[in-house]
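# Inside the fold
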Amino acid sequence: QVQLVESGGGLVQPGGSLRLSCAASGSAFSIGAMGWYRQVPGKQRELVATITRAGDTYYADSVKGRFTISRDNAKNTVSLQMNSLKPEDTAVYYCNAYQISTGYWGQGTQVTVSS
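Reference entry: report on the structure contained in this document. All chains use their own residue numbering, which begins from 1 and follows the written sequence. Given that this is a predicted model, residues contribute local features only at a pLDDT of at least 70 and side-chain atom pairs are listed and counted only at 80 or more, while totals for whole chains, interfaces and linings are drawn from all residues. Hydrogens and water molecules were not included; the side-chain quantities draw on all heavy atoms of the structure.

## A look at the nonpolar core
Burial of nonpolar side chains together is a common tendency in soluble globular proteins. Applicable threshold: The set of buried Ala, Val, Leu, Ile, Met, Phe, Trp, Tyr and Cys residues whose side-chain atoms join them within 4.5 Å is what this entry labels a nonpolar core. For every residue, the accessible area (1.4 Å probe, protein chains only) is compared with the maximum for its type, and the residue is labelled buried under 20%, exposed over 50%, or partly exposed between those bounds. By definition, any uninterrupted DSSP run of H or I lasting at least four residues is a helix, any uninterrupted run of E lasting at least two residues is a strand, and each is numbered from the N terminus. Contact between two residues is taken to exist if any of their heavy atoms lie within 4.5 Å; hydrogens are not considered.
With 30 residues, the main nonpolar core has Trp 36, Leu 80, Met 82 and Tyr 93 as its most contacted residues. Counting only elements with at least two residues in this core, the list comes to strand E1 (2–7), strand E3 (18–26), strand E4 (31–39), strand E5 (46–51), strand E7 (67–72), strand E8 (77–82), strand E9 (91–99) and strand E11 (109–113). Sequence-distant contacts of Tyr 93, that is, excluding residues within four places in its chain, are made with Glu 6, Leu 20, Trp 36, Tyr 37, Arg 38, Val 48, Phe 67, Leu 80, Met 82, Gly 108, Thr 109 and Val 111.

## A look at the state of the cysteines
To keep things clear, this is the line we draw: Here, the term disulfide refers to a pair of cysteine sulfur atoms separated by no more than 2.5 Å.
Counting across every chain of the model gives 1 disulfide. The disulfide partner of Cys 22 is Cys 95, and the gap between their sulfur atoms is 2.1 Å. On the S-S bond that ties Cys 22 to Cys 95, the torsion sits near -80°, and the link is left-handed. Taken as a pair, Cys 22 in strand E3 and Cys 95 in strand E9 lie far apart in primary sequence, 73 residues in all.

## Some thoughts on the side chain of Thr 109
Where we set the bar: Distance and chemistry together define a polar contact, namely a pair of N or O atoms within 3.5 Å, with one atom able to donate a hydrogen and the other to accept it when in protein, and with adjacent residues in sequence counting only for side-chain atoms on both sides.
Looking at the element boundaries, Thr 109 is found in strand E11. The exposure class assigned to Thr 109 is buried, which follows from its relative accessible area of 11%. A polar contact of 3.2 Å, which involves the side chain of Thr 109, links it to the backbone nitrogen of Gly 9. Each residue touching Thr 109, except ones within four places of it in the same chain, is listed here: Glu 6, Ser 7, Gly 8, Gly 9, Leu 20, Ala 91, Val 92 and Tyr 93.

## A look at the side chain of Asn 76
Tracing the backbone shows Asn 76 in the loop between E7 and E8. Excluding residues that lie within four positions of it along the chain, Asn 76 makes contacts with Cys 22, Ala 23, Ala 24, Ala 28, Ile 31 and Met 34.

Shown next, in the form of structure tokens:
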């Protein structure tokens, strides 16, 4: 069993920056791909970015060029640097990780972009 805890959410103005972090604990060994998703009330959770153990990354078109995902395999952590934030980035952001073929989710952290 793997536990994921996100942190770093908050309120920022449009054009601002925010950095989210996620730490894995429990039986947090052999964790494979990790990523970030976000969800707005009434809409399905959507993929934001993913990163493999080797460092290969994928970004949704909506955040490409503005967000950067990174990870530390030794510490089992993943981060999301968010720059040039827009109001449409407002959502609850969730950390995701896979161990073997089982996926795990964090509790989510709120990101609000508003003036």
